[in-house]
Amino acid sequence: MPCVREPDAEQDVAHLLVEVGVSLGQCNFPSPQAEQLVLQVAHAYGGHAQVAVLPTLVIAEDRQRGSVAVERVTGTYRFDQIAAVQNVVGLARGRGLDAREATQRLLGVADVAAPYPGWLRVIGYALGAVGYAAAIRATGISIAVVALLAVLVVVGLLAASGNSRLQALMPVTGTFVSALVVSLAFSGSESAVPVQLAAVPVLVLLPGAALTAAVIELVSGDMIAGASRLIYAVMILVSMAFGFSLAVRLAGVPSDQLVQMTRHSQTAWLPWAGAGVFVVGMMLYFCTPGRFWVPSLVVAYLAYGVQVVTGNWVGSAFAAGLASATGLMAASAYNYRRGGGPLSLALFLPVFWLLVPGSVGFVALTGAAYRNHTLASLGIQTGVAILAMAIGVMVASLVTPIVAVARDRLPGRGPGVNDPDAGRAR
């Protein structure tokens, strides 16, 4: 819950800094990147600050004014809310708002109603699941099963929104229902039950982004944030593997009938079409602002193309790292063109889920829990993929500002010079 404020306390820079950190945490920024942005805001307001951004807590001290603010990080934001946070933080970095107004705007983001109606978000979630199933070359019957399960899962997700206890149960209950239906649908007609198919309807609950953020934090030396986020992500995967194992045991599926996938579609264009459908579905479910629709599709297809082209050359795990770096640099270039502010994760997160390492991790843990050594061996691939994606993100984060600075030094160039809306609230 928000920290208690004294009258006019929003004028204190420390409260603005802690709100920036909390908002970035709700946008799923890794702690090192969030702390860097908070310090940039502090510098803009003339503060000498000390900050600590943890996955569930933010502490900010304005040493110049002798004040400290502390607040918990709870929940995550939709894409429209992420875009709103990006806008406010971008303005705050240039001191385009006074401290009180910036703080109030950030506090108001949490209460913003979803711009898309619930029925459209349900359709979007189902489209996302269908698109991802097509991207992994699932067959027609598999895609139909995924669509049905996705509707059941998203109805549960929307019903549980606002209730933290119910939301905490959604990964295991959603996976249990999904795995039970998949087991019953496939065990009687085919010789194998596709484990990965059960993960598709609960794709957005898989902690792929949390796993990669944890690796970034650990490699950056942020041990407390990285270790705690890693434990959280692994526990989510373990609980989902438990839900799947319980479902297949109740359905009476033998261990040797579990496989990553059963049959694959041979249609060459299906994965490319599926990638686009997936991104459109995620934009609908997470309420992506209209101005991000075309850039999101461009960034996603660019990253997906890199993964497909380089997969046979360097292997799927390393290709995911190259694709992540490409997607991040493309999103950064667009964001820079728009006039600055922190990277819009509304552009990059669909890429993350499209490349999601969490689904393979879920399959590996399920194999270990169910004593299927073929599936359990995928754990090594998962670890390499997560590490490759984390390194790709870190390299892109370092390279992009250098390129931006070099571009600014060219005659007649500057951040957002061709964008008439640069620096303005959007």
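What counts and what doesn't
- Residues numbered from 1 in each chain as written.
- Predicted model: local features only at pLDDT ≥ 70, side-chain atom pairs only at ≥ 80, totals over all residues.
- Heavy atoms only, no water.
- Helix = DSSP H or I, 4+ residues; strand = E, 2+ residues; numbered from the N terminus.
- Contact = heavy atoms within 4.5 Å.
- Areas by Shrake-Rupley, 256 points an atom, 1.4 Å probe, with all protein chains shown as cover.
- 1 Å grid on protein atoms, 1.4 Å probe; cavity = no way out; pocket = protein on both sides within 12 Å on 5 of 7 lines; lining within 4 Å.
- Points joined across faces, edges and corners; volume = space filled by probe spheres on them.
- Pairing = 2+ DSSP bridges.
- Axes fitted to C-alpha atoms, helices over the stretch in contact; angles between N-to-C directions.
- pLDDT = per-residue confidence, 0-100.
- Buried < 20%, exposed > 50% of the residue type's maximum accessible area, 1.4 Å probe, protein only.
- Parallel < 35°, antiparallel > 145°, perpendicular 65-115°, else oblique.
- Nonpolar A, V, L, I, M, F, W, Y, C, P; charged D, E, K, R; others polar.

1. Notes on the overall build of the chain
Right, so step 1: Scanning the chain from N- to C-terminus turns up 17 helices and five strands.
Right, so step 2: A sequence separation of at least 24 residues applies to 74% of the contacts in the chain between residues at least 6 apart.
Right, so step 3: Accessible surface, the chain as shown: approximately 18100 Å² in total, 64% of it carbon and sulfur.

2. Digging into empty space enclosed by the protein
Right, so step 1: All told, the structure shown has two cavities of 30 Å³ or more when counted by the stated rule.
Right, so step 2: In this model, the second largest cavity occupies a volume close to 40 Å³.
Right, so step 3: Lining the second largest cavity, in full, are Y125, G128, A129, V200, P201, L203, V204, F278 and M282.
Right, so step 4: Those elements that place two or more of their residues in the lining of the second largest cavity are α5 (118-135) and α11 (270-285).

3. As for the sheet that holds strand β2 (residues 57-62)
Right, so step 1: The antiparallel open sheet is built from three strands, whose spatial order is β1-β2-β3. The outermost strands of the open sheet, each flanked by one partner alone, are β1 (49-53) and β3 (67-72). Recorded for the sheet is a direction-independent mean angle of 5 degrees between the axes of neighbouring strands.
Right, so step 2: Together, β1, β2 and β3 form the strand contacts of helix α1 (residues 13-26), whose direction differs from that of β3 by roughly 25 degrees.

4. Some thoughts on the confidence of the model for the chain
Right, so step 1: Summary statistics for the chain give a mean pLDDT of 77 and a share of 76% for residues scoring 70 or more.
Right, so step 2: Low pLDDT, under 50, characterises residues 1-11; the stretch is placed with 20 contacts to residues that sit more than four places away or in other chains.
Right, so step 3: Below pLDDT 50 for its whole length, residues 413-426 participates in 31 contacts with residues either more than four positions away or in separate chains.

5. Some thoughts on the environment of P32
Right, so step 1: Structurally, P32 can be placed in helix α2 (residues 31-44).
Right, so step 2: A relative accessible area of 23% places P32 in the partly exposed class.
Right, so step 3: With 193 residues separating them along the chain, P32 and A225 place their C-alpha atoms 9.2 Å apart.
Right, so step 4: Other than its neighbours up to four places away in sequence, P32 contacts E217, S220 and D222.

6. Examining the packing of α2 against helix α3 (residues 79-93)
Right, so step 1: Close contact between α2 and α3 brings their axes to 8 Å; oriented N to C, the two are set at 45 degrees. Classed by the angle they form, the pair α2 and α3 counts as oblique. Along the contact surface, α2 presents L37, Q40, V41 and A44, while α3 presents V89, A92 and R93.
Right, so step 2: Tallied by class, residues from the contact of α2 with α3 come to five nonpolar, one polar and one charged.

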